[in-house]
Amino acid sequence: MPKKTKINKRPSWDEYFLEVAALVAKRATCLRRKVGAVLVKDKRILATGYNGAPSGLKHCLDIGCLREKLKIPSGERHELCRALHAEQNALIQASLYGVSVKDSILYATTQPCVICAKMLINAGIKEIVISAGYPDKMAMSFLRQARIRIRRITKGTGVR
């Protein structure tokens, strides 16, 4: 049997799906924060999403960021943004192709905001795994009240 080394160590499923979310985030067109999300059920990817303007509309990369111009702090006034959040886009992609996300796990590079949290609750998501926090205490409160398990994993250190 070959000796385990860092070279041939496979990532855990959590690490794998968070790395996929990080790759998806590279497509984001937000100037302030690049976020990726992956919906997974039974270790299979159902849908992905990143933050960016709705299909066919100009992206902030092209026309600038209204939130920056208005100096809106992170975690506030989500309606004043061109972009859909990564979680929203993942849910929409699943819906467009008739894929049920009930009882799935969301892997995301950032904790969901309260708007996304409400959507994830109603979509039947059973667990959320994130690699970074977000300044939205109400979102975390709602997710806990809905009994959705939330775990934060930082790269190479396991659960945090």
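Described in the following lines is the structure provided in the data block.

Here is what the cut-offs are and how they apply
Residues numbered from 1 in each chain as written. Predicted model: local features only at pLDDT ≥ 70, side-chain atom pairs only at ≥ 80, totals over all residues. Heavy atoms only, no water. Helix = DSSP H or I, 4+ residues; strand = E, 2+ residues; numbered from the N terminus. Rg over C-alpha atoms; globule rule 2.2 N^0.38 Å. Buried < 20%, exposed > 50% of the residue type's maximum accessible area, 1.4 Å probe, protein only. Contact = heavy atoms within 4.5 Å. Areas by Shrake-Rupley, 256 points an atom, 1.4 Å probe, with all protein chains shown as cover. Polar contact = N/O pair within 3.5 Å; in protein donor to acceptor, adjacent residues only side chain to side chain. Salt bridge = Lys/Arg side-chain N within 4 Å of Asp/Glu carboxyl O. Core = buried A, V, L, I, M, F, W, Y, C linked by side-chain atoms within 4.5 Å. Axes fitted to C-alpha atoms, helices over the stretch in contact; angles between N-to-C directions. Parallel < 35°, antiparallel > 145°, perpendicular 65-115°, else oblique. Left-handed = near helix turned anticlockwise from the far one by under 90°. Nonpolar A, V, L, I, M, F, W, Y, C, P; charged D, E, K, R; others polar.

Turning our eyes to something else, we now look at the overall build of the protein chain. Each helix and strand in the protein chain was counted, giving six helices and six strands. In the protein chain, the order of α-helices and β-strands from amino to carboxyl end is α-β-β-α-α-α-β-α-β-α-β-β. Rg of the C-alpha trace for the protein chain: 16 Å, near the compact-globule value of 15 Å for 160 residues, within the 12% margin. Considering only C-alpha atoms, the protein chain reaches an extent of 60 × 35 × 30 Å along its principal axes. Scored against the burial criterion, the 160 residues of the protein chain give a buried share of 41%. Of the contacts made within the protein chain by residues no fewer than 6 positions apart, 52% connect residues no fewer than 24 positions apart. Put simply, the protein chain shows about 10,000 Å² of open surface, and 55% of that area lies on carbon and sulfur atoms.

With respect to the helices and strands, the residue Asn51 is situated in the loop between strand S2 (44–50) and helix H2 (60–63). Assessed through its relative accessible area of 7%, Asn51 is described here as buried. One polar contact links the side chain of Asn51 to the main-chain carbonyl oxygen of Arg33, over a distance of 2.7 Å. Among residues more than four places away in sequence, those in contact with Asn51 are Ala28, Thr29, Cys30, Arg33, Lys34, Val35, Ala83, Leu84, His85 and Ala86.

Two side chains bearing opposite charge may form a pair once their charged atoms approach each other closely. Counted according to the given criterion, the structure contains six salt bridges. Between Arg32 and Glu68 there is a salt bridge, with the nearest N and O atoms lying 2.7 Å from each other. Within this pair, whereas Arg32 is found in the loop between helix H1 (13–25) and strand S1 (36–41), its partner Glu68 is found in helix H3 (residues 66–69), the two being separated by 36 residues in sequence. Between Arg77 and Glu79 there is a salt bridge; the shortest N-O distance is 2.6 Å. A single network of salt bridges, built from pairs that share partners, joins Asp14, Glu127, Arg149 and Arg151.

What follows deals with the nonpolar core. By size, the foremost hydrophobic cluster in this structure holds 21 residues, and its most contacted members are Leu39, Leu106, Ile125 and Ile128. Sorting the residues of this core by element identifies S1, helix H4 (86–96), strand S3 (105–108), helix H5 (114–123), strand S4 (127–130) and helix H6 (137–145) as the ones contributing at least two each. When residues of this core are assigned to their parent elements, the largest contribution, four residues, is made by H4. The residues contacting Ile128, other than those within four sequence positions of it, are Leu106, Pro112, Leu120, Leu143, Ile148, Arg149, Ile150 and Arg151.

Below, the discussion takes up the environment of Leu120. With respect to the element layout, Leu120 can be found in helix H5. Of the residues examined, Leu120 reaches a relative accessible area of 0% and is grouped as buried. In this structure, the C-alpha to C-alpha distance between Leu120 and Gln145, residues 25 residues apart in sequence, is 13 Å.

One way to put it is that H5 packs onto H6 with a least axis distance of 8 Å and a crossing angle of 15°. Classified by the interaxial angle, the pair formed by H5 and H6 is roughly parallel. Relative to H6, H5 is oriented so that their crossing is right-handed. Packed against H5, whose contacting residues are Val114, Ala117, Lys118 and Ile121, the element H6 presents Met138, Ala139, Phe142 and Leu143 at the interface. Tallied by class, the residues present in the contact of H5 with H6 amount to seven nonpolar, no polar and one charged.

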